[in-house]
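Below, each chain spelled out in residue letters.
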Amino acid sequence: MEAFITRKKRKSGPETNDVPSPILATGGEDDESTDLKLAMLSSLHVDFDQETLLDLLLAHDGSVQATSQAIRAGHAAKKSTSSVTAQASLRSFGVTATSSEESHRPTKKSKLLSRKGATLHLYDPHDIAEHTPCSIIHNFLPPDEANELLVELLEESKTFEKITFKLFDNVVSSPHTSSFYVGSLDEINAQKYEYTYNGSKITDVRKITPYLDLVKPRVAEAVNREITRRIDTHQAGQRLPLQSARPWTPNAAFVNCYNGPSQNVGWHSDQLTYLGPRAIIGSLSLGVAREFRVRRVLPPDEDEDAQGQIAIHLPHNSLLVMHAEMQEAWKHCVVPAASIEPHPIAGNRRINVTYRDYRAEFHPRHTPRCGCDVPCVLRVVQRKRENFGKYFWMCHAGNVPGKEGCTFFQWAEFDEEGRPVRRGKMATEPGTT
Ligand SMILES: O=C(O)CCC(=O)C(=O)O
Ligand SMILES: [Fe+2]
């Protein structure tokens, strides 16, 4: 129980960012993580909200199996999940911003708007930029273009599949469906045969669709504008340490489909392995509006109130930019909804496109390979005060159902542009680390 609550133990390496499911998020080897246990329970019991699942998990001494059995046996009552409600801008309440993002966690001086156990709902772009590591552009595309992209992706989503992954010793499915799009046949082959996600190869990689391709430069332009603005307003005119000066250039798109109110994605940070440190992501929402939540990652003993969640309302045709301070220091999720408002084109479905910049320097041939001869995953220490925020490479081969990983671990080093510094043997020299 103690170990569960304080999240102390883990199998190898420091504690780190976790993951619910998708290939685009970090792997599930952090077997002592409460978030992973919650993600797993969420996947198995989509009607239960996270708060209820956490209560139940605590009541069952941190055992996923016992919690799940109790739910199945009908011993647990579910609480209602939150739904979207209208809200005026926080500015009308005279609330001021938290301090700038010079560090990974709130300083003592920061004015904390969210409280442990409570959720602050934000709708206004100005509030979102002030109080989260994101910015949002509403009505991003010309309406017809947004609708055409939505229609195209709804058709695509008919053949999307749930991702099956391993958590602890169980094989579970993500509670939504998705697919992955890149620009050319060569890139499709590279993704299928050279890149590794959660320890294995992926098979469903598709050629970018006409509308995804049409929208891509618009997203690139808007995201680069938002990055410049963010640097001015939140970073005192400076890039963050390790943030690349190179323009953000999307060359891959993950498309998620949430069919109905209960489909969701659990708490996670997006995988940095191929994007590098300080990754920036452009996330376009289409169809049904859903709630996206963010919360800070805190080392143990941090002010409990800083653990509150912030909900960002994502309406049709909105572009959310997850900025450079996000993936290392915050987690995000899409919560199940109590109810949704059907969309005239999409019905109960929400389509989400995350445009990503896969950096050539992070191709698996340039990054460390573990004792299993598999390119490593890049992660960040998130649950230990010691080494908090440090990057490391580790084995993720054990995430594959039926496979054991190795104990490979190596601190990651980067140059000032966030490019990996080559030390020892890399992936082109298999089996020699
Ligand atoms: O659906 C969303 O808005 C977010 C999806 C997400 O977090 C992801 O694809 O990594
Ligand atoms: Fe994500």
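Just above, that's the structure.
Residues numbered from 1 in each chain as written. Chains lettered and ligands numbered in written order. Predicted model: local features only at pLDDT ≥ 70, side-chain atom pairs only at ≥ 80, totals over all residues. Heavy atoms only, no water.

What follows is about the sheet that holds strand S15 (residues 391-394). Strand order in the open sheet formed by 3 strands is S14-S15-S16, and the pairing between neighbours is antiparallel. Where the open sheet ends on each side, the last strands, each with one partner, are strand S14 (377-380) and strand S16 (409-411). Shown here is a sheet whose adjacent strand axes are inclined to one another by a mean of 30°, direction ignored. In terms of strand pairing, S14 meets S15 through 4 bridges, oriented antiparallel. Considered in S15, the bridge of Val377 is made with Met394. (Pairing = 2+ DSSP bridges. Helix = DSSP H or I, 4+ residues; strand = E, 2+ residues; numbered from the N terminus. Axes fitted to C-alpha atoms, helices over the stretch in contact; angles between N-to-C directions.)

With distances of 2.1 to 2.2 Å, the protein atoms coordinating the iron ion (ligand 2) are His268 (NE2), Asp270 (OD) and His332 (NE2). Coordination of the iron ion (ligand 2) draws on donor residues from a single chain, spaced H-x1-D-x61-H in sequence. In this pair, His268 is assigned in strand S7 (residues 265-268) and His332 in strand S12 (residues 330-334), connecting sequence segments 64 residues apart. (Donors = N, O, S within 2.8 Å, 3.2 Å for Na, K, Ca; no water.)

Under the criterion given, the structure shown has 15 salt bridges. For Arg356, the salt bridge is made with Asp270, and the minimal N-O distance between the two is 3.2 Å. Taken together, the residues Arg356 in strand S13 (residues 349-356) and Asp270 in the loop between S7 and strand S8 (281-287) connect sequence positions 86 residues apart. For Arg356, a relative accessible area of 2% puts it in the buried group. A residue is classified by how much of its surface remains accessible, and Asp270, at 2% relative accessible area, is buried. Salt bridges here are not isolated pairs; linked through shared partners, they connect Glu156, Asp204 and Arg206. (Salt bridge = Lys/Arg side-chain N within 4 Å of Asp/Glu carboxyl O. Buried < 20%, exposed > 50% of the residue type's maximum accessible area, 1.4 Å probe, protein only.)

Next up on the list: unusual backbone geometry. With phi around 50°, Ala236 is a residue other than glycine that occupies positive phi space. Within the secondary structure layout, Ala236 lies in the loop between helix H8 (210-234) and strand S6 (252-259). Judged by its relative accessible area of 69%, Ala236 is exposed. Even without a glycine there, the phi angle at Asn387 is positive, about 65°. Residue placement: Asn387 occurs in the loop between S14 and S15. For Asn387, a relative accessible area of 29% corresponds to the partly exposed category.

The side chains of a regular strand alternate, residue by residue, between the two faces of the sheet. Summarising burial for strand S11 (residues 318-322): 5 of the 5 residues are buried, a large majority. Along S11, one buried face is formed by Ser318, Leu320 and Met322 and the opposite face, lined by Leu319 and Val321, is buried too. Looking at chain direction, strand S2 (residues 134-137) and S11 are connected through 4 bridges and run antiparallel. Residue Cys134 lies in a different strand from S11, and its bridge partner there is Met322. Strand direction decides the pairing type here: S8 and S11, joined by 5 bridges, are antiparallel. Looking across to S11, one finds that Ile281 is bridged to Met322.

When the terminal C-alpha atoms of helix H6 (residues 143-157) are compared, their 21 Å separation across 15 residues agrees well with the 21 Å that a helix rising 1.5 Å per residue should span. Every buried residue of H6 is listed here: Glu145, Ala146, Leu149, Leu150, Glu152, Leu153, Leu154 and Ser157. (Expected span 1.5 Å × (residues − 1).)

Within this structure, the stated rule accounts for 12 aromatic pairs. Consider the rings of Tyr195 and Tyr358, whose centres lie 5.8 Å apart with planes at 65°: the pair is edge-to-face. One end of the pair, Tyr195, is in the loop between helix H7 (185-193) and strand S5 (205-207); the other, Tyr358, is in the loop between S13 and S14, with 163 residues separating them in the sequence. Exposure remark for Tyr195: the relative accessible area of 8% places this residue in the buried category. Here Tyr358 falls in the buried class, since its relative accessible area comes to 9%. Here the aromatic rings of Tyr274 and Tyr358 are separated by 5.8 Å at their centres, their planes lie at 20°, and the arrangement is stacked. Of this pair, Tyr274 sits in the loop between S7 and S8 while Tyr358 sits in the loop between S13 and S14, placing them 84 residues apart in sequence. (Phe/Tyr/Trp six-rings, centres within 6.5 Å; stacked < 30°, edge-to-face > 60°.)

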